[in-house]
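In case you want the letters, here they are:
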Amino acid sequence: MILLLAYCAVLLSFVSGLLALLMNQRHALLALCQTCFKKFPGSRNQCRAFVFGNLDEQRFPVFLRQAVFVILGLSGLFAVLAGLSVLVSKDVITDQIGLGLPWLPWHVRFDGLSGFFFLIIGIAVGAVSLYGPGYVSGYQESRHPFAVLGLFTGLFVAGMLLVLLADDAFMFMIAWELMSVASYFLVAFQHENAANRRAAFLYLLMAEVGALAIILGFGVLASFADGFTFDALRESHLSATWASIAFGLALLGFGMKAGIVPVHVWLPEAHPVAPSHISALMSGVMLKVALYGLIRFSFDLLADIQWQWGVVLLILGTVSALGGILYAMVQANLKRLLAYSSVENIGIIFMVLGLAMIFMDNGHPQLAALGFLAALFHAFNHALFKNLLFLGAGILHHQTHELNIDMMGGLIKKMPQTSLLFLIGCMSISSLPLFNGFVSEWLAFQTALQADVLDNGVLRSLIPVAAAALALTAALAAACFVKVFGLIFLGQSRSQHSEKAREVADKTMLAGPMLLAALCFLIGIFPGLVINLINSVSEQLLGQTMPNDSALGWLWLAPVSAQQASYSPALVLIGALIAGCVSFWYLRRDPVLKTMRRAAPWDCGFGGLTPRMQYSSNAFSMPIRRIFAKVWLIDERIDKDMQGAMDQDVAAVHYHIDIQDHSWPLLYQPIGHGINTLAKQVGRIQTGNIRTYLGYSFVTLVLMLWVIS
Amino acid sequence: MNGLIAAIQTLLFVALAPLLAGWLKVCKCRLQNRKAPPLLQPYRDLIKLTHKQPVVAGQASWIFTKAPYIIFSATMLAASVVPLFAVDLPTSASADVIVMVGFFAFARFFLALAGLDIGTAFGGMGSSREMTISSLAEPAMLMAVFTLAMTASTTNLSIAITHVLNEGLVLRPSFLFALFALILVAVAETGRIPIDNPATHLELTMIHEAMILEYSGRHLALIEWASQLKLMIYGVLIANIFLPWGIAENFSVEALGYGLLAILAKLAVLAVLLALSETLVAKMRLFRVQEYLSFAYLLGLLGMLSHIILEASR
């Protein structure tokens, strides 16, 4: 039954993709319907009117778009139901489908871990399908055909869901490739710009290199096992070295997809160019599928965790978290900024997962469960608020035709609902109390503070340093999102586009973000809801649950014990409401004083503040840019146009700034050069002369014969 | 009963914060050979401000007008977590020291947004600087707090203070480092000299003042009160974590009275020290602040390392 729900989710997403293909088949459909109605003349007129009404030339595209997204939404709903029911029932369901190779049918397994990620995907897909119809209506059908977008969206979602269901390496890789390739076409959707094509190609290249690494990782496991099913792979007992090699390959492959530094470069290129609801899915969900892959591979298949892997994850995670947020800080393109912030959040998740591994191997399964919980919880939260922010960015782009935050401003008055939803997203991602991001970060800190139980002195001192790096990350994230919200929504309009912007007319477009924002707040107040779900995952996977001190009741969060730390967001909310309301009521009790006098702001007596006098994105991040100057490759130029006698007067000043990622010159350009030189060397033996090629064949033949004999 | 004492404690925090600010001003004026304003002057200022009609810039949004209430409530919640004169209160269980740092972050988030709301250059400048400095100060602060948390193996402030009390007077090198780190952070976070000067409106050096330049009336009163409260919270943290003696461990009237007197005396001494340092030290250039704060971070780190190497019994 539960598996049926999961299959329904996969099938519906396929159907939504195929349905989108009908976009160009209106005439064929019309003819089909007419023949149908001729055969069954008894059919009711209402039905007939409905069908032909929707097949009308004007009405058809709108109807089909809605139908595609409704079906996609249903797929999301089924995914949520399937995930929730498997988590609540704590079942492990296995099945076989007669697809695939003759001797290797597709093995399907649906357990708590898959269920939890089903839940994440389901919520995200649901929100996106509420939002989608309004968003895609802005595309011109001739330049950006909906058939392509709809088809690959459906395939992309189906691929992600199938990855979670896979129980053999073969099916896993097929589904993984389906997900990667479908998302490549989505990134390349607006391919008229050279930059988009370049980003899409980079994405495809890195996805395929990552897939190769994953295949090799499975290969290492399979060479010690008899077969490719996950059951067989679980039984393979690897030596510590081989296990580490397999883990390293998996980390490279899944890390490339998840976007950890230094293999993150596709993220900031691909996310800005994809349509917003696709970036939301890619950033909010696809990165989580990569995380799922890594967890499945290391905690489930390899099972014998070594603490050294944890240290690697901890260090990579710390670097990604700090690097991601520092790069996000200096971006002016909103979606690029959000992409870098995803790198940061994935870094945080990897960090905590690393802690879980360290505790696991050092014989503290309870603390490992705590770290695991924090990692999965943050993955869940990140899916919520990053989706929300990307959908918000999509609305902003739709209404202002801008993604540059220096071109916005003052939108809080023009788009009050969007601004409130975006504010909730910003507060969650900045991990402020009362919102969901804070809870997972609090759990991460609690995990790190348990480092005292470890025997290894180096680890004991490394982990608190990582925790302090996490604190720096959180504080920088707050600074970054103050900048984002402040420059986009507050102040005065910086361009004509934002001056003319209006709230979205299509309210269903706001429904998706609204759902996500409500969940962000709800889970921030009642984190126990999600924690119980994750506990059933860790019970299956680690055999341990987080020790929540139940004496305090379900409103409380007390990992380890109430003596050590506790947090009750609901009580905090009540306290905040009391404090806020009392001060609000008391200070405004006098009706005369209640009114505020509006006046012009202080302009130092020069008269007239212009929007250009406001702080810009570069100005806001300048102190941080100067303090952490070594982190970026900054090319900053100030050109002056001179005029007048002897060119003494400054007519205009031009400011240019170009900020580059260090990983390009350090990592990618050498690799690119290396491949080019290698290709040239290979080219040398290809003379183009047939006699030489015959000679090669002969020598090869002789060598082979020699080897065989 | 416990809940009542917790509420009284929070209210006392709120009520006494202006007094601390007044006392600080008195000390500073005496040290600088100036005539001091009356001790109760901050109260008078607050009352005066609440009775004035606020003047708000034309383009201000709801963020600007609601931010003072949010900032004040968040700071008040942070105060409710910190044991003032008695330990073992229910409020310290509902939120620990990490949540307290989170409350400060909450208040700061809205303060910085309010600074950006009007769209003046000053507001943006203040917000940018405030967010920069706080993002450097937060890791240093947490490093110091973690040292304490690992020693007492809890992040619950009330239990941590009880732990320090039960240990008796032991000179721990880690605590010494953490104390200095926390003092440096406290100075930075509450905007005192050498990081920021609360007494001037000199545009090149403003941080806090730049953000709140547009505020007036009850809004200004709330923000001023919140920043006085923040100063007091940091003072109480330093006093009660590192020198907890005198704090009430049970709820008898006598113990509570002694606890209150003890904390008042400790705060008075701390304020004198702060006034002294503010008189002796000059304000720092903005881009030397990171050196100051990384020094604080380094102290916190040293505290942590000395705890792990010297004190953890293994």
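Residues numbered from 1 in each chain as written. Chains lettered and ligands numbered in written order. Predicted model: local features only at pLDDT ≥ 70, side-chain atom pairs only at ≥ 80, totals over all residues. Heavy atoms only, no water.

Novice: Would you mind showing me how to read the overall build of chain B here?
Specialist: Within chain B, the regular secondary structure consists of twelve helices and one strand. Helices (α) and strands (β) of chain B occur, in sequence order from the N terminus, as α-α-β-α-α-α-α-α-α-α-α-α-α. Computed over the C-alpha atoms, the radius of gyration of chain B is 19 Å, within 12% of the 20 Å expected from 2.2 N^0.38 for a compact globule of 314 residues. Considering only contacts within chain B whose residues lie at least 6 apart along the sequence, 81% involve residues at least 24 apart. For chain B, the exposed surface amounts to about 11300 Å²; the carbon and sulfur share of it is 68%. The positive charge centre, built from 20 side chains, and the negative charge centre, built from 18, are 8 Å apart in chain B. (Helix = DSSP H or I, 4+ residues; strand = E, 2+ residues; numbered from the N terminus. Rg over C-alpha atoms; globule rule 2.2 N^0.38 Å. Contact = heavy atoms within 4.5 Å. Areas by Shrake-Rupley, 256 points an atom, 1.4 Å probe, with all protein chains shown as cover. Lys, Arg positive; Asp, Glu negative; His and termini not counted. Charge placed at Lys NZ, Arg CZ, Asp CG, Glu CD.)

Novice: Even after reading the chapter, I still don't get the side chain of His264(A), so can you show me in this structure?
Specialist: All names here are of chain A. As for its placement among the helices and strands, His264 is situated in the loop between helix 10 (240–258) and helix 11 (266–273). On the accessibility criterion, His264 (3% relative accessible area) is buried. Discounting chain neighbours no more than four positions away, the residues touching His264 are Gly259, Tyr340, Val343, Asp661, Ser663 and Tyr668. (Buried < 20%, exposed > 50% of the residue type's maximum accessible area, 1.4 Å probe, protein only.)

Novice: Could you clarify how one ought to interpret the environment of Glu441(A) in this entry?
Specialist: Residues and elements named next belong to chain A. In this fold, Glu441 is placed in helix 18 (residues 436–449). According to the relative accessible area criterion, Glu441 is buried, its value standing at 6%. Along the sequence, Glu441 and Gln660 sit 219 residues apart, while their C-alpha atoms lie 29 Å from each other. In contact with Glu441, not counting residues within four places along its chain, are Ile348, His378, Ser431, Leu470 and Ala474. Within the structure, Glu441 has its side chain in polar contact with the side chain of Ser431 (distance 3.1 Å). (Polar contact = N/O pair within 3.5 Å; in protein donor to acceptor, adjacent residues only side chain to side chain.)

Novice: Just to check I follow, could you spell out the pairing of strand 5 (residues 649–660) of chain A for this structure?
Specialist: Within a regular strand, side chains alternate between the sheet's two faces. Relative to strand 5 of chain A, strand 4 (residues 633–643) of chain A is paired through eleven bridges, and the arrangement is antiparallel. Paired with Met642(A) across the strands is Val650(A), a residue of strand 5 of chain A. (Pairing = 2+ DSSP bridges.)

Novice: Just checking my understanding: could you explain the interface of chain B and chain A for this structure?
Specialist: When the parts of a complex come together, some accessible area is lost, and that lost area is often used as the size of the interface. Opposite the 78 residues of chain B that make contact, chain A presents 81 residues. A combined buried area of about 6800 Å² lies between chain B and chain A, and 70% of that area is made up of carbon and sulfur atoms. The tally of links from chain B across to chain A stands at zero salt bridges. Taken together, chain B and chain A are joined by 17 residue pairs in polar contact (both at pLDDT 80 or more). (Buried area = accessible area lost by both parts, 1.4 Å probe. Salt bridge = Lys/Arg side-chain N within 4 Å of Asp/Glu carboxyl O.)

Novice: Looking at this structure, how should I read the packing of helix 15 (residues 365–400) of chain A against helix 17 (residues 416–429) of chain A?
Specialist: Residues and elements named next belong to chain A. Between helix 15 and helix 17, whose axes approach to 9 Å, the crossing angle comes to 145°. At the point where helix 15 passes helix 17, the crossing takes the left-handed sense. On helix 17, the residues that touch Phe385, Lys386, Leu388, Leu389, Gly392, Ala393, Ile395 and Leu396 of helix 15 are Thr418, Leu421, Phe422, Ile424, Gly425, Cys426, Ser428 and Ile429. (Axes fitted to C-alpha atoms, helices over the stretch in contact; angles between N-to-C directions. Left-handed = near helix turned anticlockwise from the far one by under 90°.)

Novice: Teacher, can you tell me more about helix 10 of chain A here?
Specialist: Residues spaced three or four apart along an α-helix face the same direction, because each turn holds 3.6 residues. The first and last C-alpha atoms of helix 10 of chain A sit 25 Å apart over 19 residues, in line with the 27 Å expected at 1.5 Å per residue. Residue Gly259(A) follows helix 10 of chain A closely and has a positive phi angle near 85°. (Expected span 1.5 Å × (residues − 1).)

Novice: Looking at this structure, I do not really get the pattern of salt bridges. What am I missing?
Specialist: Close approach of charged atoms allows side chains of opposite charge to pair. All names here are of chain A. On inspection of all chains with the given rule, the structure shows 18 salt bridges over all chains. Where Lys90 meets Glu539, a salt bridge forms, and the shortest distance between an N and an O atom there is 3.6 Å. With a gap of 449 residues between them, Lys90 in the loop between helix 4 (59–89) and strand 1 (93–101) and Glu539 in helix 22 (residues 528–541) connect regions that are remote in the sequence. Asp111 is paired through a salt bridge with Arg109; the nearest N and O atoms lie 3.0 Å apart. Overall, the relative accessible area of 2% leaves Asp111 in the buried class. Taking relative accessible area as the criterion, Arg109 reaches 16% and is therefore assigned buried. Through salt bridges with shared partners, one network takes in Arg109, Asp111, Asp231, Arg234, Arg296 and Asp300.

Novice: What is the right way to look at the environment of Val99(B) in this model?
Specialist: Looking at where Val99(B) falls in the secondary structure, it is placed in helix 5 (residues 97–117). Considered as a pair, Val99(B) and Leu204(B) are 105 residues apart in the sequence and their alpha carbons are 33 Å apart. Beyond its immediate sequence surroundings of up to four residues, Val99(B) is in contact with Pro433(A), Phe438(A), Trp442(A) and Tyr567(A).

Novice: How do you make sense of the nonpolar core when you look at a structure like this?
Specialist: One broad trend across soluble globular proteins is that nonpolar side chains are buried collectively. By size, the foremost hydrophobic cluster in this structure holds 376 residues, and its most contacted members are Phe172(A), Trp176(A), Phe372(A) and Met100(B). In terms of residue count, the dominant contributor to this core is helix 15 of chain A (22 residues). (Core = buried A, V, L, I, M, F, W, Y, C linked by side-chain atoms within 4.5 Å.)

Novice: What am I meant to see in unusual backbone geometry here?
Specialist: For residues other than glycine, phi is negative in most cases, and the peptide bonds are mostly trans. A cis amide bond, omega 5°, links Val261(A) with the succeeding residue Pro262(A). Within the fold, Pro262(A) resides in the loop between helix 10 and helix 11. Geometrically, the link from Ile193(B) to Pro194(B) is a cis peptide bond, its omega value of 15° lying close to zero. Its identity as a non-glycine residue notwithstanding, Ser153(B) has a phi of 40°, on the positive side. Among the secondary structure elements, Ser153(B) is positioned in the loop between helix 6 (121–152) and helix 7 (157–167). By relative accessible area, Ser153(B) is classed as partly exposed at 40%.

Novice: In this structure, what is going on with the domain arrangement of chain A? I would like to understand it.
Specialist: Residues and elements named next belong to chain A. Under the domain assignment used here, chain A contains domain 1 (1–302), domain 2 (305–583), domain 3 (628–661) and domain 4 (664–708). Computed over C-alpha atoms, the centres of domain 1 and domain 2 are 25 Å apart. Listed per partner, the contact involves 55 residues of domain 1 and 56 residues of domain 2. The largest contributions to the domain 1 side of the interface with domain 2 come from Phe116, Tyr131 and Phe299, which together make up 16% of the buried area. The salt bridge involving Arg336 is made with Glu269; its shortest N-O contact spans 3.6 Å. Linking domain 1 to domain 2 there are 17 residue pairs in polar contact (both at pLDDT 80 or more). Counting residues per element, the ones that place at least two in the side of domain 1 that touches domain 2 are helix 4, helix 5 (112–136), helix 10, helix 11 and helix 12 (276–302). Here the element with the most residues in the side of domain 1 that touches domain 2 is helix 12; it accounts for 17 residues. (Domains from an automatic or database assignment.)

Novice: I would appreciate a short explanation of the packing of aromatic side chains in the present structure.
Specialist: The way to describe two aromatic rings as a pair is by their centre distance and the angle between their planes. As enumerated under the stated definition, the model contains 39 aromatic pairs over all chains in all. Judged by centre distance (5.9 Å) and plane angle (15°), the rings of Phe172(A) and Trp176(A) are stacked. Highlighted residues: Phe172(A) and Trp176(A), both in helix 7 (residues 169–187), separated by four residues, approximately one helical turn. Residue classification places Trp176(A) among the buried residues on the basis of a relative accessible area of 1%. Consider the rings of Phe64(B) and Tyr215(B), whose centres lie 4.1 Å apart with planes at 5°: the pair is stacked. Pair noted here: Phe64(B) is in helix 3 (residues 62–81) and Tyr215(B) is in the loop between helix 9 (208–211) and helix 10 (217–242), with a separation of 151 residues, a long-range link. Each member of the pair, Phe64(B) together with Tyr215(B), is buried. (Phe/Tyr/Trp six-rings, centres within 6.5 Å; stacked < 30°, edge-to-face > 60°.)

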